[in-house]
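Next come the chains, spelled out residue by residue.
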Amino acid sequence: MKVAVVGATGLVGTKMLQVLAERNFPVSELVPVASAKSVGKEVAFKGKQYKVVSMEDAIAAKPDVALFSAGGSTSAEWAPKFAAAGITVIDNSSAWRMDPKVPLVVPEINADILTSNDKIIANPNCSTIQMVVALAPLHKAYNAKRIVVSTYQSVTGTGVKAVSQLKGERQQEVAGATGDYEMAYKYPIDLNVIPQIDVFVDNGYTKEEMKMVNETKKIMRDDSIRVTATTVRIPVMGGHSEAVNIEFENEFDLADVRNLLETAPGVVVVDDLASQQYPMPKDAHEKDEVFVGRIRRDESQPKTLNLWVVSDNLRKGAATNAVQVAEYLAASNLI
Ligand code: 2RA
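Reading guide: rules and limits
Residues numbered from 1 in each chain as written. Predicted model: local features only at pLDDT ≥ 70, side-chain atom pairs only at ≥ 80, totals over all residues. Heavy atoms only, no water. Domains from an automatic or database assignment. Buried area = accessible area lost by both parts, 1.4 Å probe. Salt bridge = Lys/Arg side-chain N within 4 Å of Asp/Glu carboxyl O. Polar contact = N/O pair within 3.5 Å; in protein donor to acceptor, adjacent residues only side chain to side chain. Helix = DSSP H or I, 4+ residues; strand = E, 2+ residues; numbered from the N terminus. Nonpolar A, V, L, I, M, F, W, Y, C, P; charged D, E, K, R; others polar. Buried < 20%, exposed > 50% of the residue type's maximum accessible area, 1.4 Å probe, protein only. Pairing = 2+ DSSP bridges.

(A) Inspection of the domain arrangement of the protein at higher detail. When its domains are assigned, the protein resolves into domain 1 (2-123 + 318-332) and domain 2 (128-154 + 193-311). Summed over both sides, the interface of domain 1 with domain 2 buries roughly 1400 Å², with 59% coming from carbon and sulfur. When residues of domain 1 are sorted by the area they lose upon contact with domain 2, L104, E108 and I109 head the list and together hold 35% of the total. Seen at the junction of domain 1 and domain 2, the total is four salt bridges. For E215, the salt bridge goes to R97, with nearest N and O atoms at 3.3 Å. Across the contact surface, domain 1 and domain 2 share nine residue pairs in polar contact (both at pLDDT 80 or more). Residue assignment for the side of domain 1 that touches domain 2 shows that the elements contributing at least two residues are α1 (11-22), α4 (107-110) and α10 (315-331). Residues of the side of domain 1 that touches domain 2, tallied by class, amount to eight nonpolar, six polar and six charged.

(B) Main features of the pairing of strand β13 (residues 304-311). Counted residue by residue, β13 has seven buried out of eight residues, so it is predominantly covered. Summarising the sheet, strand β10 (residues 240-248) and β13 pair through eight bridges and their orientation is antiparallel. Along β13, the bridge assignment pairs S241 with V310. Adjacent in sequence and paired antiparallel, strand β12 (residues 290-297) and β13 are bridged by six residues, among which K303 carries a positive phi angle near 55 degrees.

Okay, structure coming up:
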């Protein structure tokens, strides 16, 4: 299968190449694509070097599928052009997620909505993906009414510049190094937390928080689920962490909840208080699962559960989920 990766030189694009290789996706030919300034650069894939090409050349190469992670404006402009050429686009940006004609897919939950007519498919936001992978089996069993989520998000969610800001600040603090890094954030991130991810919107929330609210309803195909979110950036590399409080319609038994999570696709339960076992970004890093722990009843009100959910935001939160969508399309002969 001829596969294009648009944004092949970015953090997520590079991870897409890694995951395609690791999962042995049947790539007969790779078409790495990036902005004009990166055309001609080389990227490595399965031991071979490939030259980055332009958008126009990528369309001309007529790949079967194009994995996009190149920002919302690029996707808004170019995804339709790829689709018009008969190329199926799996887009990791927010550009198409809430378009009613575009499927927003987490394969473990709603891949069944995909058809051969879908030429643009949206990959959900990383912080949404990990939450709904844990939520899905519980919602099916107990009918979630309301979710309160607080996130603790890795700087890798912002990109290369944020990673270098964190490392630069740390070197400055530890070794008194000169600050030869650019600021990805308005404020220092090391030894700090920033309660803002993306820009603020009119209701006082950020776009990141509203993504969690709106995308959850669409993926779960249930507009009745009430969600409120606080998304926070923290000086961590390995993945996003989330404290998730879920109020259900129906009563639950904790042992049953644990069993549902242990048998849910894409979920690993790490929850043993006696040995202080719980999910942490350092353990989730470079893994594809969603790790769930601190499973406990919310004793402040009935039928309500607290969870701690951790996942590598570059993998299941972005690259792996996109590749899993492509795997489903290939297995279902939809590409
Ligand atoms: C973030 N979820 O963490 C956003 C985009 N990757 O910055």
